[in-house]
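Analysis of the macromolecular model
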Amino acid sequence: MKVTAIGTGYVGLVTGACLAEMGNHVVCLDVNPEKIRILNEGGIPIHEPGLEEVVKRNVAAGRLQFTTDVDMAVQHGTLLFIGVGTPPDEDGSADLQYVVAAARSIGQRMTDYKVIVDKSTVPVGTADKVRAAVKEELVKRGLGDMSFAVVSNPEFLKEGAAVEDFMKPDRVVVGSDDEQATLLMRAIYSPFNRTQDRMLVMDVRSAELTKYAANAMLATRISFMNELALLAEKVGADIDLVRRGIGSDTRIGYQFLYAGTGYGGSCFPKDVKALVRTAADTGIPLKVLTAVEEANERQKRVLVDKVVERFGADLKGRRFAVWGLAFKPNTDDMREAPSLVVIDELTRRGATVAAYDPVSMAEAARVLGPRDDVSLVERAEAALQGADALLIVTEWKEFRTPDFDAIKGTLKAPVVFDGRNLYDPKLMKALGIEYRGIGRG
Ligand code: NAD
Ligand code: UDX
């Protein structure tokens, strides 16, 4: 089939590449010429395991191309996936300007039946707005009767596992009230559905809400565990044992129960805010979700609270090693990364920071800019030199069994503030390292 991905970011690029892998002919469009240049020169603008191979293979096979040419891209696809950003507006609601601009660019150029697929995370009612924008542009061209469908197909991939998630989805949600469009969506997703029909077809509004509900539920689990971790510390319990104890209940399950430094990334923070906003606007305040967000804001500061408890509020003259800058492992994405709050809180109190991340050093340099109080170092061990303590913010595999003797021998104190509960407190004690995890009373 012929497919166009409008917006070539995490979602658009992964969608385009994975659909090309199944034999579709895909054009990926972006308004950012730099991104398209990198892709056309064989590069990948983001760090995403497995993506480069899929992209290269399908470009070589002539099934995947990248362009800034809107005319060509709109003409190409029968299915047009909109995967542009929906960042938060000043009031927390999703800013739909990029989605509507993409819709207009379709309406200004289409010459035959198109299925316009909303893949971006968008509030309930957005498909109606997309339909109205396309229709308005068609009417301007005297083509008001031209037929098209707008369907909702929210994306559930996780960064760091995006290709795998897309290739083996738990479910594919499609909100559609157009029979032909539903059949085309069934056809395009059939290769991802072979062992079991994972496609859930529903009305458009339910599909739009499903995406926010999923992210809100997952964020709720995390904030719940983070709050319980604070309690566990006070009452002398270990949150990691509690996690195992409740996760073993099949009604609860093990996933997304890890207490840590708060959730970050490009989705949870903005999607929780947007859902809270939509609900407030409709007169149904979501009290649980409002608390989820507040708990997360507090959680991002917990690690530095522990530093202050140990070293005092004035951190002038102190130096801290920070391991992990990306908002989670296996990505270089630093959007809403807890590390940024940790670094800000430490330096605001006068400390200097030496930070290391296995893949997001270039992104960190871009986001943090040149600063005297933060140095980005090339190796984890180098960050320890002259530091009072080590803070672990992201649970990269290479931090799981480090050289504990080197940590002990290099740090001044030695104290480890473990924001991801990577180490056994008993082992740390036996090694003579002062250890503070999250929720390990
Ligand atoms: P991104 O910022 O990585 O990419 C968006 C791209 O769209 C950018 O490259 C931008 O230049 C391009 N763009 C903007 N307007 C355009 C236009 N009119 N025409 C063509 N290109 C245009 O964003 P992302 O992380 O891929 O997220 C996209 C959407 O998918 C958001 O709504 C997000 O909430 C949702 N989502 C993201 C993830 C994720 O893990 N990142 C997962 C699921 C859903
Ligand atoms: C999320 C959703 O999982 C995905 O379905 C959606 O499509 C996009 O948003 P992503 O943001 O890539 O994906 O990462 P995710 O693995 O969900 O982690 C989000 C944040 O929660 C990270 O900061 C992570 O460290 C944190 N987290 C996750 C925890 O603190 N504890 C957990 O148990 C799980």
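Residues numbered from 1 in each chain as written. Chains lettered and ligands numbered in written order. Predicted model: local features only at pLDDT ≥ 70, side-chain atom pairs only at ≥ 80, totals over all residues. Heavy atoms only, no water.

- The name that an unreviewed UniProt entry assigns to the protein is UDP-glucose 6-dehydrogenase, with the source organism given as Pelomonas aquatica.
- Note on the protein: under the UniProt heading Pathway (unreviewed entry), the record states "Nucleotide-sugar biosynthesis; UDP-alpha-D-glucuronate biosynthesis; UDP-alpha-D-glucuronate from UDP-alpha-D-glucose: step 1/1." (UniProt positions renumbered as here; feature names shortened; annotations may be inferred.)

1. Looking at the overall build of the protein
- Tallying secondary structure elements over the protein gives 17 helices and 14 strands in all.
- Its C-alpha radius of gyration of 24 Å places the protein within 12% of the 22 Å reference for a compact globule of 441 residues.
- Viewed in the frame of its principal axes, the protein has a C-alpha envelope of about 75 × 50 × 45 Å.
- By residue count, 52% of the 441 residues in the protein fall in the buried class.
- Considering only residue pairs separated by 6 or more positions, the protein has 74% of its internal contacts joining residues 24 or more positions apart.
- Here the protein displays about 19500 Å² of accessible surface, and carbon together with sulfur accounts for 52% of that area.
- Here the protein holds 56 positive side-chain charges and 62 negative ones, and the gap between their average locations is 3 Å. (Helix = DSSP H or I, 4+ residues; strand = E, 2+ residues; numbered from the N terminus. Rg over C-alpha atoms; globule rule 2.2 N^0.38 Å. Buried < 20%, exposed > 50% of the residue type's maximum accessible area, 1.4 Å probe, protein only. Contact = heavy atoms within 4.5 Å. Areas by Shrake-Rupley, 256 points an atom, 1.4 Å probe, with all protein chains shown as cover. Lys, Arg positive; Asp, Glu negative; His and termini not counted. Charge placed at Lys NZ, Arg CZ, Asp CG, Glu CD.)

2. Brief notes about the domain arrangement of the protein
- What the domain assignment lists for the protein is domain 1 (2-202) and domain 2 (237-436).
- Contact with domain 1, which involves 16 residues of that partner, is made by 17 residues of domain 2.
- Across the interface of domain 1 and domain 2, roughly 1200 Å² is buried in total on both sides, 54% from carbon and sulfur atoms.
- At the surface where domain 1 touches domain 2, the tally comes to 2 salt bridges. (Domains from an automatic or database assignment. Buried area = accessible area lost by both parts, 1.4 Å probe. Salt bridge = Lys/Arg side-chain N within 4 Å of Asp/Glu carboxyl O.)

3. Here we look at the nonpolar core
- Counting 39 residues, the largest nonpolar core has Leu79, Met185 and Tyr189 as its most contacted members.
- Per-element accounting of this core gives the leading share, 7 residues, to helix 1 (residues 10-21).
- Among residues more than four places away in sequence, those in contact with methionine 185 are Leu79, Phe81, Val117, Val151, Asn153, Val174 and Met199.
- In terms of nonpolar packing, the next biggest core, distinct from the first, is built from 34 residues, Leu257, Phe327, Val374 and Phe417 among them. (Core = buried A, V, L, I, M, F, W, Y, C linked by side-chain atoms within 4.5 Å.)

4. Quick look at the site of ligand 2
- Of all residues adjacent to ligand 2, which total 18 residues, the nearest are Phe156, Leu157, Glu159, Lys211 and Tyr258.
- Within the backbone of glycine 264, a nitrogen or oxygen atom sits 2.9 Å from an oxygen atom of ligand 2.
- Here arginine 420 contributes a side-chain N or O atom positioned 3.3 Å from an oxygen atom of ligand 2.
- Summarising the interface, the protein chains cover 92% of the accessible area of ligand 2, which totals 660 Å² for the free molecule.
- Sorting elements by how many residues they give to the shell around ligand 2 places helix 9 (residues 204-235) first, with 3 residues.
- A breakdown of the residues in the shell around ligand 2 according to their chemical character gives 10 nonpolar, 2 polar and 6 charged.
- Summarising the domain contributions, the shell around ligand 2 has at least three residues from each of domain 1 (2-202) and domain 2 (237-436). (Near = heavy atom within 4 Å. Polar contact = N/O pair within 3.5 Å; in protein donor to acceptor, adjacent residues only side chain to side chain. Nonpolar A, V, L, I, M, F, W, Y, C, P; charged D, E, K, R; others polar.)

5. Notes on the pattern of salt bridges
- Scanning the model with the defined rule gives 40 salt bridges in all.
- Note that glutamate 34 is salt-bridged to arginine 37, the shortest N-O span being 2.7 Å. In this pair, glutamate 34 and arginine 37 are both assigned in helix 2 (residues 33-40), 3 residues apart and thus about one turn of the helix distant.
- A residue is classified by how much of its surface remains accessible, and arginine 37, at 37% relative accessible area, is partly exposed.
- For the salt bridge of glutamate 434 with arginine 310, the shortest nitrogen-to-oxygen distance reads 2.7 Å.

6. Points about unusual backbone geometry
- The amide bond that connects alanine 413 to the next residue, proline 414, takes the cis arrangement and shows omega of -15°.
- Among the structural elements, proline 414 can be located in the loop between helix 16 (404-410) and strand 13 (415-418).
- With a phi angle near 60°, phenylalanine 256 is a residue other than glycine that sits in the positive phi range.
- As for its placement among the helices and strands, phenylalanine 256 is situated in the loop between helix 10 (239-247) and helix 11 (268-281).
- Even without a glycine there, the phi angle at glutamate 336 is positive, about 55°.

7. So, the site of ligand 1
- Around ligand 1 there are 26 residues in total, and Val11, Asp30, Lys35, Thr86 and Lys270 lie nearest to it.
- Here valine 11 contributes a backbone N or O atom positioned 2.9 Å from an oxygen atom of ligand 1.
- The side chain of lysine 35 places a nitrogen or oxygen atom 2.7 Å from an oxygen atom of ligand 1.
- Expressed as a share of its isolated accessible area of 830 Å², the protein-covered part of ligand 1 is 89%.
- Mapped onto the shell around ligand 1, the elements with two or more residues apiece are helix 1 and helix 5 (97-107).
- Here the residues of the shell around ligand 1 sort into 10 nonpolar, 9 polar and 7 charged.

8. A word on helix 9
- Helix length check: helix 9, at 32 residues, gives a terminal C-alpha distance of 47 Å against a target of 46 Å (1.5 Å per residue), a fit within 8%.
- Two or three places before arginine 205, at the opening of helix 9, aspartate 203 has a side-chain oxygen 3.2 Å from that residue's backbone nitrogen.
- In the segment just after helix 9, glycine 236 is the residue with positive phi, at about 75°. (Expected span 1.5 Å × (residues − 1).)

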